[in-house]
Amino acid sequence: MAIPSYAGPLERVWYYLYRLICAAIFFFLIIPILVIIPLSFNAEPYFTFTPEMLRFEAEAFSLRWYADIVNNDQWLHSIKNSFIIGIASTLVATTLGTLAALGLSRAELPAKSLLMGILISPMIVPLIITAAAMFFFYSAPFGTEFALAQTYAGVILAHAALGTPFVVITVTATLVGFDKNLIRASNSMGADMPTTFFKVIMPLILPGVISGALFAFVTSFDEVVVVLFMAGFEQRTIPRQMWAGIREQISPTILAVATLLIIISTLLLATIELLRRRNERMRGVTY
């Protein structure tokens, strides 16, 4: 938005100062992340810029670390696990979070604030405490034959618990502008509740559901603390493999994987922003 023609000297100074402050904050937050990208193309096994890279010599850059991802069975296994666990936990979190948000949107529901606080508690409680509690609960709460620790089911359920609050928050925010008269109109025309949900409610809250699902997927895809407690070697994910690589065998392959994660996260955030704008247009919000 351009500065108004009637703005005074102080307003004009603040107009440009505000943008300078925002640019400085953006630079402070983004530059450390962007430094990883050129380092992932380093031809040498170093985590620093070589003199040849600073001189932009072609032989100083290589795709060897990206090729190492494809040729390394451990990385491929971790990538497969991250997608399997991420997608499965996202489906569980999206289903539970959407149902919880629909319940919280009902005016007659008692103790709504208390229930909301319980549902979003995984976002508030320190992750190390949550991970330790999940480990002891999933280890053998009903006997060793029912233990879920170091199983795919246990890791999926743990990640679903972490992702559900994001779905609850986004869907609840979407339901704020939902016209409940549409439900009454659907019922008055003879539609049952499943039909009303899938034909009336879901199309209108779908942007919020998808946004929450993407947040839940990113949470699972980037999570490492719970995996350290809950996962065995077979359930090792990308963050767990990166953590092990930093401790056991330092390799710039980690930088290549980090670059790919940055790209995936950027695409997901762009998708969430597009969905947010679409949701606002559906609700008649304009700028």
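Every value quoted in this text rests on a predicted model; they were computed, and no experiment measured them.

Novice: A description of the overall build of the protein should follow, citing residues and the corresponding values.
Specialist: For the protein, the count of helices and strands is 14 helices and zero strands. Compactness check: the protein gives a C-alpha radius of gyration of 24 Å against a globular reference of 19 Å for 287 residues, more than 25% above the reference. For the protein, the C-alpha atoms occupy an extent of roughly 75 × 75 × 30 Å along the three principal directions. Here the protein has roughly 17,000 Å² of accessible surface; of this, 72% comes from carbon and sulfur atoms. Positive and negative side-chain charges in the protein, numbering 18 and 17 respectively, have mean positions lying 12 Å apart.

Novice: Report on unusual backbone geometry, specifying residues and quantitative values.
Specialist: Phi angles above zero are rare outside glycine, and Ala 111 is one such case at about 55°. Its location among the elements puts Ala 111 in the loop between helix H5 (73-104) and helix H6 (112-119). The phi dihedral of Gln 150 is positive, around 60°, even though this residue is not glycine. With respect to the helices and strands, the residue Gln 150 is situated in the loop between helix H8 (127-139) and helix H9 (152-175).

Novice: Summarise the packing of H5 against helix H11 (residues 193-222); cite the residues concerned and give the values.
Specialist: Between H5 and H11, the shortest axis-to-axis distance is 8 Å and the interhelical angle comes to 135°. The pairing of H5 with H11 is recorded here as oblique in orientation. For the element pair H5 and H11, the recorded crossing hand is right-handed. Together, Ser 82, Phe 83, Ile 85, Gly 86, Ile 87, Ser 89, Thr 90, Ala 93, Thr 94, Thr 98 and Leu 102 of H5 and Phe 197, Ile 201, Ile 205, Val 209, Ala 213, Ala 216, Phe 217, Ser 220 and Phe 221 of H11 make up the contact between the two elements. Across the contact of H5 with H11, the residue classes tally to 13 nonpolar, seven polar and no charged.

Novice: Which residues make up the packing of H8 against H9, and what values do they have?
Specialist: Between H8 and H9, the shortest axis-to-axis distance is 11 Å and the interhelical angle comes to 145°. Judged by the twist between their axes, the crossing of H8 over H9 is right-handed. Taken together, the residues of H9 that come into contact with H8 (itself represented by Leu 127, Thr 130, Met 134 and Tyr 138) are Gly 154, Leu 157, Ala 158, Ala 161 and Leu 162. Of the residues belonging to the contact of H8 with H9, the class tally is seven nonpolar, two polar and no charged.

Novice: How would you explain H9 if you had to name every residue and give the values?
Specialist: Under the 1.5 Å per step criterion, the end-to-end length of H9 is 33 Å for 24 residues, consistent within 8% with the ideal 34 Å. At Gly 163, H9 shows its maximal bend, which comes to roughly 30°, and the proline Pro 165 appears one to four places after that position.

Novice: Can you tell me about the packing of aromatic side chains, naming the residues and giving the values?
Specialist: Under the definition given, this model contains eleven aromatic pairs. On the numbers, 5.6 Å between centres and 55° between planes, the contact of Phe 137 with Tyr 138 is tilted. Exposure remark for Phe 137: the relative accessible area of 48% places this residue in the partly exposed category. An aromatic cluster is built from Phe 83, Phe 217 and Phe 221, whose rings are joined through pairwise contacts. Note that Arg 19 overlies the ring of Tyr 15, its terminal NZ or CZ placed 3.8 Å from the centroid.

Novice: A description of H11 should follow, citing residues and the corresponding values.
Specialist: Helix length check: H11, at 30 residues, gives a terminal C-alpha distance of 37 Å against a target of 44 Å (1.5 Å per residue), a shortfall beyond 12%. Its axis deflected by about 60° at Met 202, H11 carries its strongest bend there, up to four residues before the proline Pro 203.

Novice: Explain the nonpolar core residue by residue, including any values.
Specialist: By size, the foremost hydrophobic cluster in this structure holds 17 residues, and its most contacted members are Trp 75, Ile 238, Met 242, Val 257 and Leu 261. Counting residues per element, the ones that place at least two in this core are helix H4 (64-71), H11, helix H13 (238-248) and helix H14 (253-282). Top contributing element to this core by residue count: H14, with eight residues. When residues no more than four places from it in sequence are discounted, the contact partners of Ile 238 are Trp 75, Ser 78, Ile 79, Ser 82, Phe 221, Val 257 and Leu 261.

Novice: Quick rundown of the side chain of Asn 42? Include the residues and the values.
Specialist: Residue position: Asn 42 is located in the loop between helix H2 (36-39) and helix H3 (51-54). Asn 42 sits in the buried class, given a relative accessible area of 0%. A polar contact is formed between the side chain of Asn 42 and the backbone nitrogen of Glu 44, at a distance of 3.0 Å. Of the polar contacts made by the side chain of Asn 42, one reaches the backbone oxygen of Thr 48; its length is 3.1 Å. The residues touching Asn 42, leaving out its near neighbours within four places in the chain, are Thr 48, Thr 50, Met 53, Ala 60, Ser 62, Arg 64 and Trp 65.

Calculation rules
- Residues numbered from 1 in each chain as written.
- Predicted model: local features only at pLDDT ≥ 70, side-chain atom pairs only at ≥ 80, totals over all residues.
- Heavy atoms only, no water.
- Helix = DSSP H or I, 4+ residues; strand = E, 2+ residues; numbered from the N terminus.
- Rg over C-alpha atoms; globule rule 2.2 N^0.38 Å.
- Areas by Shrake-Rupley, 256 points an atom, 1.4 Å probe, with all protein chains shown as cover.
- Lys, Arg positive; Asp, Glu negative; His and termini not counted.
- Charge placed at Lys NZ, Arg CZ, Asp CG, Glu CD.
- Axes fitted to C-alpha atoms, helices over the stretch in contact; angles between N-to-C directions.
- Parallel < 35°, antiparallel > 145°, perpendicular 65-115°, else oblique.
- Left-handed = near helix turned anticlockwise from the far one by under 90°.
- Contact = heavy atoms within 4.5 Å.
- Nonpolar A, V, L, I, M, F, W, Y, C, P; charged D, E, K, R; others polar.
- Expected span 1.5 Å × (residues − 1).
- Bend = angle between axes of the 7 residues up to and from the residue.
- Phe/Tyr/Trp six-rings, centres within 6.5 Å; stacked < 30°, edge-to-face > 60°.
- Buried < 20%, exposed > 50% of the residue type's maximum accessible area, 1.4 Å probe, protein only.
- Lys NZ or Arg CZ within 6 Å of the ring centre and 35° of its normal.
- Core = buried A, V, L, I, M, F, W, Y, C linked by side-chain atoms within 4.5 Å.
- Polar contact = N/O pair within 3.5 Å; in protein donor to acceptor, adjacent residues only side chain to side chain.

So yeah, pure geometry; function would need other evidence.
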